[in-house]
Amino acid sequence: AFIRREIYSKFFTLAPGGQDYFKQSTTRLHFIADKVVSMTMDMYKDPKKLVEDISALGLRHVGYGIPTPLFSPFVTCTIQVVASLTKDPTAEEAFRWSL
């Protein structure tokens, strides 16, 4: 729960306009945060399949009209939260690379 809560707390502080696009329930926001972490692991397990999944996800975001300038702060906040949970620079870099 900490990771989920912190990602959105940091993201909405860094990019307040993001709140206009994340109007879902807390349950849905938690699902999205969990999916991000899951996809980072999938990047190492099955990169070819993940490329297809990410392409489809990108097309959905375009269809939803999500401004691409919001992607970078979301990724940055996610990396910051995960980095705060480890002292292992290799784990942090692996997570950063996968995003």
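Because the structure is a prediction, the values reported are computed rather than measured. (Residues numbered from 1 in each chain as written. Predicted model: local features only at pLDDT ≥ 70, side-chain atom pairs only at ≥ 80, totals over all residues. Heavy atoms only, no water.)

For the chain, the helix and strand inventory stands at five helices and zero strands. Listing every helix and strand of the chain by position from the N terminus yields α-α-α-α-α. Going through the 99 residues of the chain one by one, you find that 26% of them count as buried. Partitioning the intrachain contacts of the chain with sequence separation of at least 6 by distance along the chain shows that 65% fall at a separation of at least 24. Surface exposure of the chain reaches about 6600 Å², of which carbon and sulfur atoms provide 61%. Here the chain holds 12 positive side-chain charges and 10 negative ones, and the gap between their average locations is 5 Å. (Helix = DSSP H or I, 4+ residues; strand = E, 2+ residues; numbered from the N terminus. Buried < 20%, exposed > 50% of the residue type's maximum accessible area, 1.4 Å probe, protein only. Contact = heavy atoms within 4.5 Å. Areas by Shrake-Rupley, 256 points an atom, 1.4 Å probe, with all protein chains shown as cover. Lys, Arg positive; Asp, Glu negative; His and termini not counted. Charge placed at Lys NZ, Arg CZ, Asp CG, Glu CD.)

One can describe the packing of helix α2 (residues 26-45) onto helix α5 (residues 89-98) by two numbers: an axis separation of 9 Å at closest approach and a directional angle of 90 degrees. With respect to their mutual orientation, α2 and α5 come out roughly perpendicular. Contact with α2, carried on its side by Thr-40, Met-43 and Tyr-44, involves Ala-94, Phe-95, Trp-97 and Ser-98 of α5 and no other residues of that element. Taken together, the residues that form the contact of α2 with α5 break down as five nonpolar, two polar and no charged. (Axes fitted to C-alpha atoms, helices over the stretch in contact; angles between N-to-C directions. Parallel < 35°, antiparallel > 145°, perpendicular 65-115°, else oblique. Nonpolar A, V, L, I, M, F, W, Y, C, P; charged D, E, K, R; others polar.)

Next up on the list: the nonpolar core. The biggest cluster of nonpolar side chains holds 13 residues, and the ones touching the most others in it are Ile-7, Tyr-8, Phe-11 and Phe-74. Secondary structure elements with two or more residues in this core: α1 (2-14), α2 and α4 (71-83). (Core = buried A, V, L, I, M, F, W, Y, C linked by side-chain atoms within 4.5 Å.)

A rise of 1.5 Å per residue sets the reference length of α1, with its 13 residues, at 18 Å; its end C-alpha atoms lie 18 Å apart and thus fit the reference within 8%. Ile-7, Tyr-8, Phe-11 and Phe-12 are the residues of α1 that are buried. The arc that holds every buried residue of α1, seen down its axis, measures 115 degrees, which confines them to one face. Residues of α1 that are exposed and point more than 90 degrees away from the buried face comprise Arg-5, Thr-13 and Leu-14. Close packing links the buried residues of α1 with α2 and α4. (Expected span 1.5 Å × (residues − 1). Arc of directions from axis to C-beta.)

All right, on to the confidence of the model for the chain then. Confidence in the prediction of the chain, expressed as mean pLDDT, is 92, and 100% of residues score 70 or more. Within the chain, helix α3 (residues 47-64) has the poorest average pLDDT of any element, 90, and α4 the best, 95. (pLDDT = per-residue confidence, 0-100.)

Tracing the sequence through the fold places Pro-73 in helix α4. Among the residues examined, Pro-73 registers a relative accessible area of 14% and is labelled buried. When the C-alpha atoms of Pro-73 and Leu-14 are compared, they prove to be 6.7 Å apart, with 59 residues separating the residues in sequence. Once residues lying within four places of it in the same chain are set aside, the contact partners of Pro-73 are Phe-11, Leu-14 and Ala-15.

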